[in-house]
Structure formats: structure tokens, C-alpha cells
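# Chains, contacts and geometry: an overview
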Amino acid sequence: MIGKKILLGVSGGIAAYKACTIASRLVQAGAEVRVIMTGGALKFLTPQAFLALTGKPVHTDTFEEPDPSQIAHIELADWADLVLVAPATANTIGKLANGIADDMLSTTLLATKAPIFIAPAMNDNMYANSAVQRNMRVLADMGMQLLEPGAGYLACGHVGKGRLAEPEEIVEDLRVYLSREKDFAGLKVLISAGPTREVIDPVRFFTNHSTGKMGFALAEAAAERGASVTLVAGPVSLTANHPNITRVDVTTAEEMYEAIHSHFKQSDLVIKSAAVADYRPKIRSNEKMKKQPGNLTIEMERTRDILKSLGEAKQNQFLVGFAAETSNALAYGREKLQKKNLDAIVINNVAEPGAGFGHDTNIATFISKELGEKNLPLSSKKMMAHDILNLIKRELPGDTK
């Protein structure tokens, strides 16, 4: 953080008071912080609060030019190493997604080439609104980093998702981003993520609880570190947030098998984090199966074992698997590492609180033939993704490090 130039945009919501803590934490970490407040933010805080915390003048009006020799919003846009909008209201998100520039913050955001981090904060119903969700997908597709809000008690009295992420978490995300080296530049990384669906009939299928969050976090982390990433994704509702990621969407285990093998030979690092179905219905009905008296038996057949086939086919690739277990996790993971000819494996006990499917956090153990076992304590999946890549980096062959 030391010496980094961070532009903090504060928009109008009750969570604006947390922006004071963010500014303070950034300054304490050694960053130079400048602040833009929207008209809405001025209803909750005064510029003097940020002036005292940052030691820098606060900008509130596009047409105020403290230095006649420069245009303020252009100077700020060029000055920043990183821009953080916290809190980002539905209004500010909508403006940015649609290219609207009608105040100091929105004008500066359109003018900057610095990485932009967006920390939404709003009522839970507003956050879930389809227009807001669409706008956030647009921002993600534009390459902006979305810092997911938390769930809990909201100022409106509701309990739900929409709370601004905690200041400490936001500052840590920025620290990790700014300190990151492009140490995966030149590497071709293949990652699988999410579940598969095995069809019974036109309206029913078998699947699992995987959301793809860990795999997508790994893809984004590798891309941020310079890798060229191919992400083979099962049916998930996530967006890949980096231009270095090429996404291939599949549905069934067989489609995932074919997609992964089509990219395997040209890959340097392969991480199979998808939760692929082990079985599928032997017979698929082309019409909806009607309810009948008594029980129903569906005969299942094995799907092709993707990870085992990669272990048999690998040449110079570094192959990492995932194992989601509910008991004897380490024993099963060690066995899988050997049986499937892996270089490393990441083991989750999905029965642990805060770990496994659907959570934004994870707990895992990384096991490799060279490093042995490394415990990865509870952290965000994005942070864990970088921890996993750090361990992998230590073992990559010399010509790919």
C-alpha cells in the first residue's frame, strides 16, 4: 500500500460512515488517499471528516476548479493507481453501467484508466432488483472488481444481503490486488468450475450444490496475475470478471469432459475444481415422465472420470484436483492424489462451517507430492485462490515459473 494513490468515491447511503474507516485504514497502511463525495454523500457526512482523515482537499463539484491550470476530474482520473467506490449506491452503479456522467464522481470514473473497485451497499430488495443485478453484470463485464456486500441487519430494518463489506475486508482486498505480481504471465491455465446437470427428461435433472465460486475465484486470480485462462464452467449464475479469461459454458459431465480435453494439451496448469456428476441416468426420456403409482427407479450409469483421464494423459502439465468430502477428508484426498496421478489436490470438508458449496468463504488443505500438507484457514474464496496459486507457483517446473 505504501505510496499507492487511491481515489475513494463516496456515494449517498447510510453506509457512507464506513467510508471514513476505509479512508483511515488506507492512510494508516501508507496509501495516499483523495476523496470525491456525491451530493447524496454530503447529506450524511461533511467533507471536513475526510479532510481530517486524509489531509487532502475533498472534491464535491465538477465545476469547482481549485487549480486553474488543470481540470480537476481529469487530473484525479490520471492520478489514481486505483479507484474505490464505497459505498456504491444503486444510482451510482446505474450511472457507471450506462455511461452517465452528471457529477464529479461519475465524470471521473468515466475518465480514469485505473482499476475500479465497486463496493455496493443498499436495501436487500434493491440489491436483488433485476435492473441492479444487470448493471452489476455490466460493470463486471467491463472488467471492474465487485466487492460483494454482506448479509445481516440493514439500516431500513430488513435482514438480508446489501450491507457494505467490512472496511477491513475491503482494504485487504485492495492490498492484495496492489501487491500482486504478474507472476503467472505467459502461462496457459485451464480451470473447471461449477456443477454439471444430468438430464432425466425435458423438465428434470440431477445436479449438486456447487455454485462455481471457488473455480471462478481461481480463474480471476490467475488472470489478474497475468495468466491466459480458459474457464470451463457448468451451469452457474456467475460472471467472469477479467479480459484474460475465455469462458466455455457446458452443462453435462460429457460436455465438460470434451471441453477440458480439447484445451488440455496446450495448457501449462490445469485446476479441476468443478463438481462433476459421477453418474447419469442410463436412459433419458424425450418427454416428461408422468407420475405413476408407487416408487420410481432410475437406472444410473457412470460418467467418464475427467480427472483420472487427465492424470493418464498429462505430459508437462501441472495437474491439480479438488476433493469435497464430509468425513475422513484428508485420507480420501491423499488417496485421490495418488490414484489419479495428480501433482496436488485441494481438500474441502464441506461439513465445516464456512466451507464448501455456496459460501463466500472456504477452509481447505492443500496437499502436494513436494510440499506435503498445507492448511488454508478460513478466508474469502478470492483470498484462498491466491493462496492456492502461491503454493502451486512454488512447484511449477522451472521453464514455466
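Treat the numbers as computed from the prediction; the structure is a model and nothing was measured.

## A closer look at a nonpolar patch on the surface
- A cluster of nonpolar side chains, contributed by Ile14, Tyr17 and Phe44, occupies part of the molecular surface with about 330 Å² of accessible area.
- The class of Phe44 is partly exposed, set by a relative accessible area of 43%.

## Quick notes on a negative patch on the surface
- A cluster of acidic residues, Asp61, Glu64, Glu65 and Asp67, forms a negative patch on the protein surface.
- Note on placement: Glu64 falls in the loop between β3 (58–59) and α3 (72–79).
- A residue is classified by how much of its surface remains accessible, and Glu64, at 47% relative accessible area, is partly exposed.

## Describing the UniProt feature "binding site: CTP" (unreviewed entry) in the protein
- Taking the UniProt record as the reference, the feature "binding site: CTP" (unreviewed entry) is found at Asp278, Lys288, Phe322, Lys336 and Lys340. For the annotated residues, spread through 63 residues, the largest C-alpha to C-alpha distance comes to 37.9 Å, inconsistent with a single compact locus.
- With respect to the helices and strands, Lys288 occurs in the loop between β15 (279–281) and β16 (300–302).
- On the basis of relative accessible area, Lys288 is assigned to the partly exposed category, the value being 45%.
- With residues near it in sequence (within four places) discarded, Lys340 still touches Asp305, Leu307, Lys308 and Gly311.
- At 2.8 Å, the side chain of Lys340 forms a polar contact with the side chain of Asp305.

## Details of the nonpolar core
- If you look at the biggest cluster of nonpolar residues, it comprises 37 residues, and the most contacted ones within it are Val229, Ile271, Ile388 and Ile392.
- The set of elements that each furnish at least two residues to this core consists of β9 (188–193), α9 (213–224), β12 (228–233), β14 (269–272), β17 (318–325), β18 (344–349), β19 (361–368) and α13 (381–393).
- Looking at this core element by element, the count peaks at eight residues for α9.
- Setting aside anything within four residues of it in sequence, one finds Ile392 in contact with Leu269, Ile271, Phe318, Val320 and Phe366.
- Of all hydrophobic cores here, the second largest spans 32 residues; its members include Val35, Phe50, Phe117 and Ala165.

Rules of the game
Residues numbered from 1 in each chain as written. Predicted model: local features only at pLDDT ≥ 70, side-chain atom pairs only at ≥ 80, totals over all residues. Heavy atoms only, no water. Patch = residues over 30% accessible without salt bridge, like charges linked within 9 Å, V, L, I, M, F, W, Y side chains within 5 Å. Areas by Shrake-Rupley, 256 points an atom, 1.4 Å probe, with all protein chains shown as cover. Salt bridge = Lys/Arg side-chain N within 4 Å of Asp/Glu carboxyl O. Buried < 20%, exposed > 50% of the residue type's maximum accessible area, 1.4 Å probe, protein only. Lys, Arg positive; Asp, Glu negative; His and termini not counted. Charge placed at Lys NZ, Arg CZ, Asp CG, Glu CD. Helix = DSSP H or I, 4+ residues; strand = E, 2+ residues; numbered from the N terminus. UniProt positions renumbered as here; feature names shortened; annotations may be inferred. Contact = heavy atoms within 4.5 Å. Polar contact = N/O pair within 3.5 Å; in protein donor to acceptor, adjacent residues only side chain to side chain. Core = buried A, V, L, I, M, F, W, Y, C linked by side-chain atoms within 4.5 Å.

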